[in-house]
Structures are given as C-alpha cells and as structure tokens.
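Fold and contact review
These are the residues of each chain, in order.
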Amino acid sequence: MFHLSQESEDDWWEVEALYDLCFAPGREALSSYRLRDGVDPVADLSLVARDGDQILAGAIRFWPVKVGDNTALLLGPVAVHPTRQGEGLGAFLIRESLSIAKDLGWDRVILVGDAPYYSRFGFVKLDDVVMPPPTNPERVLGVALVDGAWTNVAGQVIRLSDTPKSMG
Ligand SMILES: CC(C)(COP(=O)(O)OP(=O)(O)OC[C@H]1O[C@@H](n2cnc3c(N)ncnc32)[C@H](O)[C@@H]1OP(=O)(O)O)[C@@H](O)C(=O)NCCC(=O)NCCS
C-alpha cells in the first residue's frame, strides 16, 4: 500500500536522490531542465508516494511552461524506485496528479517521454509543439485535460518567465 502526499520542503533532497538513482547521470543537462531553471514546481501537483514504513517509493513533479500564448504543465520528472517498479505506482502517481491538475483548472499537459508508456494515460504525440533542442520530436507528448485544449496550440515551449523575443 502506498500513500500519496504533497511533497514538502523536507522531502526535496530525498526526491532528488530518488531521481538520481532512477535516471541516467547528468539528467539535469537535459534540455527539458532549461524550462525548469529558476521556476518553482507546481506545489499542488508535486507528490511523493511512501509505503507503510514511510519509505519513499516514488515521486512526481510538474512545472508551468508556455507554448505560444498558452500555459501548460510540464510533467516530470516522475520516477519509481527500482525495487517498486511494475506495481502500478507510476500509473497511480500520474493519474492522481492529472486528476488534481484538472480539478485545479489546468487545461493541458506536455512531457518528453516514451509514447508506449504514456499513451495509456491519453498522451499523444504533439506534432506542432517544439521542445528546446536537442529533443527527439517523437518523444514530445501531450494530453488535453479539457476537450480540444491542444487544438491550435503550437510553437516553441518556453520557460514560464521567458517572454517571446520581439520581432520588431
Ligand atoms: C517509468 C516509471 C515511472 C514507471 O513506473 P512503474 O511504477 O514501474 O509503472 P507502472 O507499474 O505504472 O507500469 C508498469 C508498466 O509500464 C511499462 N513501462 C514502464 N516504463 C516503460 C517505458 N519507458 N516504455 C514502455 N513501457 C514502460 C512496464 O513494462 C509495465 O508494463 P505492463 O503493465 O504491461 O506490465 C518507472 O519505471 C521509472 O521510474 N523509470 C525510471 C525513470 C523514468 O524513466 N521515468 C520516466 C521518464 S520519461
């Protein structure tokens, strides 16, 4: 049995250590991290999963980003401890956080990941949305939390605090 709760300040380094364990070294060099630099994660959606002994088993964080004039949620990192993978915890974290996001009024979610895994949560390839390079376009996926939320949403994904360069 796993219990989900909102990540607290005290959880931060434990979650970082879990991500270090689960991802390849140098994860923070990934281009998606440039969208997170200097921006706080969305607290309501950053969840930790602990077992009955309070051992951290999994975690998920989200960041706000912009796609053109539209705000979106960037899902990730999400990770489950290697000894706890394949028990449905990743799905639990993703489904629960997406449900909270929808309740909070978020419209759309984007991530960089494996379509064979994320398609079960409704994620599909976003053909017209461009993540910072180098990102494999096949791995740029999105889900609409309200019908049509990705319709006519296209362009570069940028950090929330960055404003598009003026053409003039
Ligand atoms: C990806 C991850 C979060 C999934 O968590 P989990 O608790 O193991 O996943 P679930 O138990 O909900 O689902 C397991 C299923 O997903 C499949 N799966 C897991 N990762 C997958 C991937 N990258 N591509 C395709 N399928 C995948 C498993 O084969 C399993 O399939 P089954 O249901 O047919 O048996 C976890 O494996 C993990 O932390 N991986 C390392 C970090 C990572 O890659 N994070 C995602 C970055 S995009």
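One numbering rule holds for all chains: residues counted from 1, following each sequence as written. For this predicted model, a pLDDT threshold of at least 70 governs which residues receive local features, and a threshold of 80 or more governs which side-chain atom pairs are given and counted, while totals over whole chains, interfaces and linings are taken from all residues.

The subject of this paragraph is the site of the ligand. The C-beta atom of each residue is placed using the backbone, and any residue whose C-beta lies within 6 Å of a molecule or strand is treated as near it. Neighbouring residues of the ligand: 16 residues in total, closest Ala 79, Gln 85, Gly 90, Ala 91 and Gly 113. Strands are runs of DSSP state E lasting at least two residues, helices are runs of H or I lasting at least four, and both sets are numbered from the N terminus onward. Contributing elements (two or more residues each) for the shell around the ligand: β4 (70-80), α3 (89-103) and α4 (115-118). Residues are sorted three ways: Asp, Glu, Lys and Arg are charged, Ala, Val, Leu, Ile, Met, Phe, Trp, Tyr, Cys and Pro are nonpolar, and all the rest, Gly among them, are polar. Here the residues of the shell around the ligand are counted per class, giving nine nonpolar, five polar and two charged.

Given a helix with a known number of residues, its expected span is that number minus one, times 1.5 Å. Counted at 1.5 Å a residue, the expected span for α3 with its 15 residues is 21 Å, and the 21 Å between its end C-alpha atoms agrees. Here α3 has its buried residues at Leu 89, Leu 93, Ile 94, Ser 97, Leu 98 and Ala 101. Buried positions in α3, seen along its axis, are confined to an arc of 160° and lie on one side of it. Of the residues in α3, the exposed ones pointing more than 90 degrees away from the buried face are Ser 99 and Asp 103. Positive backbone phi, at 100°, marks Gly 105, one or two positions downstream of α3. Exposure is read from a count of other C-beta atoms within 10 Å of each residue's own; the residue is exposed at 12 or fewer, buried at 20 or more and partly exposed in between. C-beta atoms are placed from the backbone. Along the arc lie the directions from the helix axis toward the C-beta atoms.

All right, on to the nonpolar core then. Ala 59, Val 65, Leu 73, Leu 74, Val 109, Ile 110 and Leu 111 are the most contacted members of the largest nonpolar core, which has 43 residues in total. Those elements that provide at least two residues to this core are α1 (12-22), β2 (47-50), β3 (56-67), β4, α3, β5 (108-112) and β8 (140-144). In this description, any two residues whose backbone-derived C-beta atoms lie within 7 Å of each other are considered to be in contact. Not counting residues up to four positions away in its chain, the partners in contact with Ile 110 are Val 65, Ala 72, Leu 74, Leu 126, Val 129, Gly 142 and Val 157. A set of buried Ala, Val, Leu, Ile, Met, Phe, Trp, Tyr and Cys residues, joined to one another through C-beta atoms within 7 Å, is what we call a nonpolar core.

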